[in-house]
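Working through the structure, step by step
Listed here are the chains, written in short residue letters.
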Amino acid sequence: MPRAILQVQSLTVFVDAGSRNELPFKPGVSHVLSRVAIQKTERFSDRECIFEELEQYGGMIDCQTFRDTVAYGLSALSYSLPEVMDVLAEAVWRPQFTSEQLEMELQSVLFEIEEAISRPDPEPILTEMIHQAAYRDNTLGLPRMLIDFCADDASDTTSTGYGNITPGDVTRFIASHYTPDRMVLTGVGVDHAQFVELAERHFVNPKTSWADTDIADVDKSISQYTGGHCKIKRLGPPVVGPNPMPELTHVVLAMESPSHQRLDDFFPIAVLNSLMGGGGSFSPGGPGKGMYTQLYTNVLNRHHWIYSAIARNHSYLDSGIFALYGSAHPSQSRTLLEVLCQQFHHMASPQRPSDIERAKKQLESALMMNMESRLVNFEDLGRQVLAGGARMSTEELCKRIDAVTAGDVQQVAADMLKSRPSLAVLGDLSNIPSLKDIESALLPANKGSLPKSRLLFPRL
């Protein structure tokens, strides 16, 4: 992308690798990689040396891993492209790992997971749980955060055994996946000719630090949506004191949705996600800020006891899940899930044209606003090229959105109801219906209504 008037440049290397590719490796190795990737290289003796070098150019560097991608991001002042490209290539191709680094970072990761489970807003943990439930023991469902939350002892982070990850394990993972044909290098705010020249110098036939490493075959498995449930018991509010947080049970109900490569279905799903929207019971808002979305008008405004209701679509190369997140007091958790089941049925019914048009305009508005961000620009550029080999322009995206009809949205919602549901629960589990009852509620004839409770004495 051209420099235009930008004074800051951003470079990113996207690698086609992530937790979904860990089957031949020790679980959690990609998560650990994100913590030790920017530590030590052949040229730099430690992390401080890397940042001292970048400090001269107002730069910073980071590495993040996802289910399907490893991303190295670097930002610096525009005049420093040759110098910072050299640092980026050094971090990607010639890292060095030590046992001391891994031990320290593993302990830090496990502490962060424990803290995240007890957080008042546990959405990252819930997102991990719903993926593990939806794709049990394969690809997108392999543990990204070191812990198998669907296991019986998921709440016990000391029993994971992931301290066995060694420097050799991390090196073998990157040696198996870090090849030029699995990478995309993006630049925002750079001179294109200079960028191409430096890319050829640093990323074609590079010198690596793993020349003698035994390389494993890359796992190219296609994701298999299984459906299922994942539950973690958490009793009591996460924050106590003079103003304690309310005790809540958090639930996620999801169905399989199209991959982002099925464009005829992906854009209707994106419009559906915008249509459902949602937020918290105390979210600020107004026209264009979510108050006209279906989860506000049909859920939060009608059920005062629901603390939050949010729609999220998670889309990948070969599959995806459309999820409704909700939270309420444990005594209402069964009713909350019934309300979410009813919302899935409502999605598959005809929608008012005015609601569809509003959702499309909100989606386009969010797209335009996000594209003003340099960080969003280079991530969008890299992910599109890595997945499809080309980038669709903002104008093309808006045309695709404009072409979506109410019938398209209804059809993709109806198709979702044909899949088996996935359920994630964090909190008091005593009032949670069985997955069988939820499957029954999602049948067309039941329209989201759960079977009558079989309790002899109903809970008050």
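Refer to the structure above for everything that follows.
First things first, this report covers the structure right here in the doc. (Residues numbered from 1 in each chain as written. Predicted model: local features only at pLDDT ≥ 70, side-chain atom pairs only at ≥ 80, totals over all residues. Heavy atoms only, no water.)

1. Points about the overall build of the protein
Filter applied, for reference: A run of DSSP states H or I qualifies as a helix once it reaches four residues; a run of E qualifies as a strand once it reaches two. Both are numbered from the N-terminal end. The size measure is the radius of gyration over C-alpha atoms, and the globule rule it meets is 2.2 Å times the number of residues to the 0.38 power. The buried label goes to any residue with under 20% of its type's maximum accessible area, the exposed label to any with over 50%, and the partly exposed label to all in between, with areas taken from a 1.4 Å probe on protein chains only. The criterion used for residue contact is that any of the two residues' heavy atoms lie within 4.5 Å. Here the open area of atoms and residues is found with the Shrake-Rupley method and a 1.4 Å probe, where only the protein chains shown may cover a residue. Positive charges are assigned to Lys and Arg, negative charges to Asp and Glu, while His and the chain termini are left out of the count. Charge positions are represented by NZ for Lys, CZ for Arg, CG for Asp and CD for Glu.
Tallying secondary structure elements over the protein gives 15 helices and ten strands in all. By the compact-globule yardstick of 23 Å for 460 residues, the protein fits well, its C-alpha radius of gyration being 23 Å. C-alpha extents for the protein along the principal axes are approximately 70 × 50 × 45 Å. The buried share of the protein, reckoned over its 460 residues, is 52%. Taking the contacts inside the protein whose residues are at least 6 apart along the sequence as the reference set, 77% of them involve residues at least 24 apart. A total accessible area of about 21100 Å² is found for the protein, and carbon and sulfur atoms account for 53% of it. Side chains of the protein give 41 positive and 56 negative charges; the mean places of these two sets differ by 8 Å.

2. Concerning the environment of E112
Within the element layout of this structure, E112 appears in helix α4 (residues 99–117). In this structure the C-alpha to C-alpha distance between E112 and E357, which are 245 residues apart in sequence, comes to 42 Å.

3. Regarding unusual backbone geometry
A positive phi angle, near 35°, is found at T139, a position not held by glycine. Mapping T139 onto the fold places it in the loop between α5 (123–134) and α6 (167–177). We classify T139 as buried; its relative accessible area is 4%. Positive phi values are uncommon outside glycine, yet K447 reaches one of about 50°. Relative to the helices and strands, K447 resides in the segment after α15 (435–441). Overall, the relative accessible area of 61% leaves K447 in the exposed class.

4. A short note on helix α7 (residues 192–203)
Here is the rule we go by: Each residue after the first adds 1.5 Å to the expected span of a helix. Here, the arc refers to the directions that run from the helix axis to the C-beta atoms.
Taking 1.5 Å of rise per residue, twelve residues should cover 16 Å, and α7 covers 16 Å from first to last C-alpha, within 8% of that figure. Every buried residue of α7 is accounted for by F195, L198, A199, H202 and F203. With its buried residues spanning 105° around the axis, α7 presents them on a single face. Turned more than 90 degrees from where α7 packs its buried face, A193, E200 and R201 sit exposed. The inward-facing, buried residues of α7 contact β1 (8–15), α3 (81–93) and β4 (183–188). Remark: N205 follows α7 within two positions and exhibits a positive phi of approximately 50°.

5. Concerning the packing of helix α11 (residues 353–370) against helix α13 (residues 394–402)
Spelled out, the test is: Note on method: axes are straight lines fitted to C-alpha atoms, helices fitted across the in-contact stretch only, with angles between N-to-C directions ranging 0 to 180 degrees. Roughly parallel means an angle under 35 degrees; roughly antiparallel, over 145; roughly perpendicular, 65 to 115; everything else is oblique. Throughout, the ten residues Ala, Val, Leu, Ile, Met, Phe, Trp, Tyr, Cys and Pro are labelled nonpolar, Asp, Glu, Lys and Arg are labelled charged, and all others, Gly among them, are labelled polar.
Here α11 crosses α13 at 170°, and the two axes come no closer than 10 Å. In terms of their interaxial angle, α11 and α13 are classed as roughly antiparallel. Two secondary-structure elements touch here, α11 through K360, K361, L363, E364, L367 and M368 and α13 through T394, L397, C398, I401 and D402. A breakdown of the residues in the contact of α11 with α13 according to their chemical character gives six nonpolar, one polar and four charged.

6. Brief notes about α11
Taking 1.5 Å of rise per residue, 18 residues should cover 26 Å, and α11 covers 26 Å from first to last C-alpha, within 8% of that figure. Every buried residue of α11 is listed here: D355, I356, A359, K360, Q362, E364 and L367. On its buried side, α11 packs onto α8 (263–276), α9 (294–300), α13 and α14 (406–416).

7. Things to note about the pattern of salt bridges
This is how it is decided: Note on definitions: salt bridges are taken to be side-chain nitrogens of Lys or Arg within 4 Å of carboxyl oxygens of Asp or Glu.
Considering all chains together, one arrives at 26 salt bridges under this definition. Across the pair K207 and E42 runs a salt bridge whose closest N-O atoms are separated by 3.5 Å. In this pair, K207 is assigned in the loop between α7 and β5 (228–233) and E42 in the loop between α1 (29–36) and α2 (47–55), connecting sequence segments 165 residues apart. With a relative accessible area of 55%, K207 lands in the exposed category. Note that E90 and R94 form a salt bridge whose closest N and O atoms lie 2.9 Å from each other. Note on accessibility: E90 and R94 belong to one class, buried. Within this structure, R35, E105 and E112 form a network of salt bridges that share partners.

8. Notes on the sheet that holds strand β10 (residues 422–427)
The strands making up a sheet associate through hydrogen bonds between their backbones, and the pairing can be parallel or antiparallel. We count it as follows: Any two strands between which DSSP finds at least two bridges are classified as paired.
Here we have six strands laid out as an open sheet, ordered β5-β10-β6-β9-β8-β7, and mixed in their pairing. Whereas interior strands pair on both sides, the edge strands pair on one side only; in this sheet they are β5 and β7 (278–280). When the angles between neighbouring strand axes are averaged without regard to direction, this sheet yields 20°. In this sheet, strand β8 (residues 306–315) lies alongside β7 in antiparallel orientation, the contact comprising three bridges. Directly across from G280, in β8, lies its bridge partner S308. Along the sheet, α5 contacts β5, β6 (249–256), β8, β9 (320–328) and β10; its crossing angle with β10, the most-contacted strand, is approximately 145°. Against the sheet, α8 contacts β7, β8 and β9, and its axis sits at roughly 170° relative to β8.

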